[in-house]
Amino acid sequence: MVYISSTHYKDAYRRILDGATHTTGTSVLIFASIDVDGICALRLLTTLLKRDSVGHKIIPVNNYADITLMNTTLIESNLQIRSLVFLNCGAQVDIQDLVSLRDGLSVLIVDSHRPFNLYNVYWNEQVQCLDDGDVEKNMGELRQAFEDIEFGNNASDDDDDSDSDDEDSGRKRNSDDDVTSKKKRKTGMDPEDFIRLQEQRAKKRELRQYHQTLVQAYYAQGSYYGQSCAVSMLMLAEQLGMPPSADLVWWAIVGATSQYLLHQIDDNGYALVVSRMRDLSRRVSVSSSMPAVSNSRDKAAAGDARRSVNFSSSSSSSQALLDSQLGYPGDSGAFNPYLDIVEEEDDEGYLKARAGVSTAAEAGLLTSSKIAARQSTDIMESAELQFTLLRHWSLANAMQYSPFVARRLATWSSRGRSRLDLLVAKLGLSKAEAGAPFVHLAPELKTQLYRRMAEIGADYDMADATYRGFVRNYGWRKSSLSGGDMVQALLALLQPDGATGLESGFYAAYDALAQFSVLKRGLEGAMEMQRLVVGQGVMMLERQAVKTLRSFRLAMVGMENNTVFGSAFALRQLALFLMQTLRERSKVAQSRLPFIIVAPHEDDKLLVLGITPMGQGLVRPQVAGAAFNGSQFAGESRNQFGMVFEAVAQDLGADVRQGFFDSTVLEIKREDMSAFVDKLRRHL
């Protein structure tokens, strides 16, 4: 058994530690996928390795070609490397085809992409995969099928078949005695025994054929996602006895939230994550993190901040959201011109300027006064409004550039824009208040907003305007952030820069998980990204630029946006917005159609992305009732576009580039696109 069950992750880590004892230098290479979940998992893993003083090197990778290149330059020539770790990559291919597995080299795969390549799961003891429970629970029969195909004795069956074929069945037999005597001479056994043996061999052949069908059906089911890599790394930290901290829990929350917002897992899968993170967030958000307060107003504020959200109670989700939104109210005091020039990260300097003190000792005495520094980093469960980045700009912007609001109100039409204005008015806010920074709104207006949204949301097709999430406070001078805010900020940082490419964005996102100044830059980029995504989507809907074909929908992004939507991160957000909008506003039959979007990429190439509605696939399972057809995190949602794209490319003979960790993405030359679409119509 080379998969590691969810209760024994520590065994895989101990093998990494054992390998590190045989070298004094860098013993671990970490191949981290350039995506939010992979980066969050990397933060968690490097925290563990640093704690244990294990030398490691981080290698950002975007496709399998990057891994193959590193195998030549770093692995084959460096005998000090004892462990390879693949974060959110490597599970779907036979890893032995990408790296050279010499003696003493171990491989650990922590990947949410599914399905697993069975050679990684059952073949080589040097390769280990972390299982989220699906392998152990749903793939027992599949394991038998794989082992029968790989280790079964095929030679004897072939000999048996040849013996049977050699019989002179066409020759006439005069009597049953002649048949019996001939069989005895040929087989040396009684006829009844011979018939029984043939029946047994026939059953074996049928079983082998069934096993082959089962394995083929497993790979043909299409791609889907399992447990977040970041959550897997948090589970590893727990099993190693590492006390949970706000950072560790928060990174896991952000990784899982990225899966949910990008529709990689379904509602049930996300609910599993929320239930796991709820208890952990309460454990790391203890009341001891709150400083002493001296007056009744501050005590009341602290009491509000300590409240936890109980989604199972009868209290409204809007009040729960308010408790987490308001955080810790700031202090009122005299105007001080020096406050504006103090760096945001310099809390001690801010304290000095705020109180007019000159030394750190004097500043330390302030912690029990009415201007105490509240540096809590509590994580609280909350009900999150689907108004994008609400805490970081105005309500008007959060609603205008929210894909959820745009598709529910059809804001690309004049009637939809009028309904949006009416909704804001019914929420009880004036235009000036709606256009002001949300963080500056009076608490009573926020209370009114959430209460009114819960009351009238159904009238605007927004009864599901909230979802369960988590909010983290970053201290008394910084904005609180939800898991969704973090995901949007990291996605913005991951956008490739024309000069530096994906790698600089990778390290910026990695730093943003621990440095608020970098995170703030990501939030600013996220706001701009939302303007572009919703703006582009609304424009395409206005111009009816999405074509509905017989078996799929096709959208083409214009050349004017090649620098933005030439990235898979932005293109996926645009595709989800368009697909969900058209799905909600189409007939039942058309609502199930898969969606393909094409955007200009590098030089004369195009980037093609295929997605399917959550809970659906392009084809029915080949083996109905097979346990692997369901997943605890993705349900029965499957995306077969990876296989379809590969088949179309082979049929066409076009020069395409696949090999991304997301198999539903490919590059193709512009001149081949028309023929590619024609072939797609035949395959779907």
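Above: the structure in question.
Residues numbered from 1 in each chain as written. Predicted model: local features only at pLDDT ≥ 70, side-chain atom pairs only at ≥ 80, totals over all residues. Heavy atoms only, no water.

### Brief notes about the overall build of the protein
What counts here: Strands are runs of DSSP state E lasting at least two residues, helices are runs of H or I lasting at least four, and both sets are numbered from the N terminus onward. Relative accessible area decides the class of each residue, using a 1.4 Å probe on protein chains only: under 20% of the type maximum gives buried, over 50% gives exposed, and in between gives partly exposed. Residue contacts are counted whenever heavy atoms from the two residues lie within 4.5 Å of one another. Note on areas: Shrake-Rupley with a 1.4 Å probe; residue coverage comes only from the protein chains shown.
From N to C terminus, the protein includes 29 helices and 17 strands. Relative to its full complement of 684 residues, the protein shows a buried share of 52%. The long-range fraction of contacts in the protein, counting pairs at least 24 apart against all pairs at least 6 apart in sequence, stands at 73%. For the protein, the exposed surface amounts to about 30300 Å²; the carbon and sulfur share of it is 48%.

### Some points on a negative patch on the surface
This is how it is decided: Two joining distances apply to patches: 9 Å for like charges and 5 Å for nonpolar side chains (Val, Leu, Ile, Met, Phe, Trp, Tyr), and every residue must have over 30% relative accessible area and no salt bridge. For this analysis, a salt bridge means a side-chain nitrogen from Lys or Arg found within 4 Å of a carboxyl oxygen belonging to Asp or Glu. Lys and Arg are tallied as positive, Asp and Glu as negative. Neither His nor the chain termini are counted. Where a charge sits is defined by one atom per residue type, namely NZ (Lys), CZ (Arg), CG (Asp) or CD (Glu).
A grouping of Glu602, Asp603, Asp604 and Glu671 is seen on the molecular surface, where their side chains present a negatively charged patch. Turning to its location among the elements, Asp604 is positioned in the loop between strand 14 (595-600) and strand 15 (605-611). Using a relative accessible area of 39% as the deciding quantity, one classes Asp604 as partly exposed.

### Quick word on the pattern of salt bridges
Side-chain pairs of opposite charge can arise where the charged atoms are in close proximity. Tallied over the full model, the rule gives 20 salt bridges. Residue Arg196 pairs with Asp193 through a salt bridge whose shortest N-O separation is 2.7 Å. Of this pair, Arg196 and Asp193 both sit in helix 9 (residues 191-220), three residues apart, which is roughly one turn of the helix. Using a relative accessible area of 41% as the deciding quantity, one classes Arg196 as partly exposed.

### Focus: the pairing of strand 4 (residues 83-87)
Put simply, the rule reads: One bridge is not enough; two strands pair if DSSP finds at least two bridges between them.
Within strand 4, five of the five residues are buried, which leaves it mostly tucked inside the rest of the structure. Burial along strand 4 is two-sided: the face carrying Ser83, Val85 and Leu87 and the face carrying Leu84 and Phe86 are both buried. Strand direction decides the pairing type here: strand 2 (residues 28-33) and strand 4, joined by five bridges, are parallel. Residue pairing in the sheet places Leu29 in a bridge with Leu84 of strand 4.

### As for the pairing of strand 13 (residues 553-556)
Along any regular strand the residues' side chains alternate between the sheet's two faces. One ladder, built from three bridges, connects strand 12 (residues 546-548) with strand 13; its direction is antiparallel. Residue Thr548 lies in a different strand from strand 13, and its bridge partner there is Arg553. Hairpin remark: strand 12 followed by strand 13, antiparallel, with four residues in the connecting loop. By the bridge criterion, four bridges tie strand 13 to strand 14 in an arrangement that is parallel. Among the inter-strand pairings, Arg553 is bridged to a residue of strand 14, identified as Phe595.

### Notes on the side chain of His113
This is how the line gets drawn: Polar contact is defined as a pair of N or O atoms within 3.5 Å, subject to the rule that within protein one atom must be able to donate a hydrogen and the other to accept it, and that residues adjacent in sequence are counted only when both atoms are side-chain atoms.
On the secondary structure map, His113 appears in strand 6 (residues 113-114). For His113, a relative accessible area of 6% translates into the label buried. From its side chain, His113 meets the backbone oxygen of Asn88 in a polar contact 3.4 Å long. Of note is the side chain of His113, whose polar atom sits 2.7 Å from the side chain of Asp111.

### Focus: the nonpolar core
Here is a general trend for soluble globular proteins: nonpolar side chains tend to be buried in one another's company. To keep things clear, this is the line we draw: By convention a nonpolar core is built from buried Ala, Val, Leu, Ile, Met, Phe, Trp, Tyr and Cys residues, the set being connected through side-chain atoms within 4.5 Å.
Phe595 and Ile597 are the most contacted members of the largest nonpolar core, which totals 139 residues. No other element matches the 12 residues that helix 24 (residues 516-542) contributes to this core. Excluding anything up to four places from it in sequence, Phe595 contacts Val546, Arg553, Ala555, Ala575, Leu578, Met579, Leu582, Leu609, Gly610, Ile611 and Phe641. In this structure, Phe86, Val107, Val121 and Val135 belong to the second largest nonpolar core, which totals 39 residues.

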